[in-house]
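Architecture at a glance
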Amino acid sequence: MKTLFNPLELGRYTLSNRILMAPLTRGRANDKGVPQAISADYYSQRATAGLIIAEATAISKQGRGWMNSPGIFNQDQVAGWRQIADAVHQKQGRIFVQLWHMGAAVHPDFMGGDAPVSASKVTLQGALMTPQGRDRAFTEARELSKTEIQLIVQDFVKAAENAIEAGLDGVEIHAANSFLIDQFIKDASNQRNDEYGGSLDNRLRFMLEVVEAVSQAIGSDRVGIRLSPMSQVWSLADSNPEATYLRAAEKLNKFNLAYLHLLEPRPEDETSLYLTPKIRALYQGVLIANGGYQADSANQIIGQESVDAVAFGQAFIANPDLVERLNKGFDLNKPKTEFFYSNDAKGYSDYPEFDM
């Protein structure tokens, strides 16, 4: 029976274990989106993960709407990521970076007053911090033209090429959590009546075009994708998530990707909709689960072959040596939530390893 500690063939790589680090936005880049040396320390400390999936990283200025989040669309940012890749590789780790366009979640404060963009005219429910202050409510996004959609596809391609130039091992396409690709997928936000809207396959078209273009550019065996079938971030939901995300998984089969990563916590109520097992039945490649797993539940789902690996989020924030702690049954540090989005090493790269 397979466990967290068995090797895994993932794309062109053989991972030493099935304990992956989930992408975690931490806000330690500078105000121009350039990753700093502190992040090289942070990621290299966690290099024993089978694979690090680094934080959501903007593919363009238009797509960046989170304070001190990194980008990968200019050479200064590429240089910042290169020091991270080098530090992880010096410790024999593997690292992908998650490619991100926030779509309607980008406040005009980040773009000199220009409106955000999305599949359709939509206003997300909620607010984010911007350069102008806290709790800045989202504003109405404008609908992208078909020409603009193709330009964003090329932004994903360029970002993926930049990732490889920086020495990163691959990329994860962020198609989850109500950001731009998910805004095209969900019928609550996609009200288009052209080939990018209406039918389910049309709503999936943008995602599939991004996947195809990025795969052609850097090789599908260096490309993963993340979906969040049941998420309703900023009150954005799909009316039929089962049909939508099963179809998405089925359509992704043809690309022979490195992996499909699902953010979907297991519901406590057994009658609640839970799509991971149904997606496993359809998806033919490596499947990664993420969503509140502990060592026992992660080993169980891998042993049942329901998924191939499990990504851990907050546990990796607080435990740079998480792999060893899980392997030996050591207690885990508790994350210091008050420092999740601060600007220095405290609560970031200062967590202790286990002291015997």
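For the structure itself, consult the block above.
The sections below set out a description of the structure shown in this document. (Residues numbered from 1 in each chain as written. Predicted model: local features only at pLDDT ≥ 70, side-chain atom pairs only at ≥ 80, totals over all residues. Heavy atoms only, no water.)

It is worth spelling out the nonpolar core at this point. Grouped together as the largest cluster of nonpolar side chains are 87 residues, with contacts concentrated most on Phe-206, Met-207 and Leu-252. With 9 residues, helix α5 (residues 200–218) is the single largest residue contributor to this core. The residues contacting Met-207, other than those within four sequence positions of it, are Ile-181, Ile-185, Ile-225, Leu-227, Ala-248 and Leu-252. Met-111, Leu-128, Phe-138 and Ala-141 belong to the second largest nonpolar core, which has 17 residues in total. (Core = buried A, V, L, I, M, F, W, Y, C linked by side-chain atoms within 4.5 Å. Buried < 20%, exposed > 50% of the residue type's maximum accessible area, 1.4 Å probe, protein only. Helix = DSSP H or I, 4+ residues; strand = E, 2+ residues; numbered from the N terminus. Contact = heavy atoms within 4.5 Å.)

Between its first and last C-alpha, α5 extends 28 Å over 19 residues, near the 27 Å set by a 1.5 Å rise per residue. Roughly 35° is the biggest bend found in α5, and it falls at Phe-206. Three or more residues of α5 are buried, namely Asn-202, Arg-203, Leu-204, Phe-206, Met-207, Leu-208, Val-210, Val-211, Ala-213, Val-214, Ser-215 and Ile-218. Positive backbone phi, approximately 95°, marks Gly-219, located one or two places after α5. (Expected span 1.5 Å × (residues − 1). Bend = angle between axes of the 7 residues up to and from the residue.)

Summarising burial for strand β11 (residues 223–227): 5 of the 5 residues are buried, a large majority. Residues Val-223, Ile-225 and Leu-227 point to one face of β11 and Gly-224 and Arg-226 to the other, with burial holding for every one of them. Bridge analysis of strand β10 (residues 170–174) against β11 gives 4 bridges, and the strand direction is parallel. Bridging across to β11, Ile-173 finds its partner in Ile-225. Two elements, β11 and strand β12 (residues 259–263), share 4 bridges in a ladder whose sense is parallel. Each bridged residue has a counterpart across the sheet, and for Ile-225 the counterpart in β12 is Leu-260. For the segment spanning β11, helix α6 (residues 241–252) and β12, crossover handedness is right-handed. (Pairing = 2+ DSSP bridges. Right-handed = clockwise from strand over helix to strand, strands pointing away.)

On to the sheet that holds strand β5 (residues 95–100). Two modes of strand pairing occur in sheets, parallel and antiparallel, and in both the strands are linked by backbone hydrogen bonds. Pairing in this closed barrel of 8 strands is parallel, and the strands run β3-β4-β5-β10-β11-β12-β13-β14 around the ring. For this sheet, the mean angle separating the axes of adjacent strands, direction not counted, is 25°. Relative to β10, β5 is paired through 4 bridges, and the arrangement is parallel. Looking across to β10, one finds that Leu-99 is bridged to Ile-173. Where helix α2 (residues 75–90) meets the sheet, its contacts fall on β4 (51–58) and β5, and the angle it forms with β5 comes to roughly 150°. (Axes fitted to C-alpha atoms, helices over the stretch in contact; angles between N-to-C directions.)

The contact between α5 and α6 brings their axes to 10 Å, and the two run at 40°. Taken as axis vectors, α5 and α6 run oblique relative to one another. Both α5 and α6 take part in a crossing whose hand is right-handed. Each of Leu-200, Asp-201, Arg-203, Leu-204, Met-207, Leu-208 and Val-211 in α5 lies in contact with α6, whose residues at this interface are Ala-243, Thr-244, Arg-247, Ala-248, Lys-251 and Leu-252. Here the residues of the contact of α5 with α6 sort into 8 nonpolar, 1 polar and 4 charged. (Parallel < 35°, antiparallel > 145°, perpendicular 65-115°, else oblique. Left-handed = near helix turned anticlockwise from the far one by under 90°. Nonpolar A, V, L, I, M, F, W, Y, C, P; charged D, E, K, R; others polar.)

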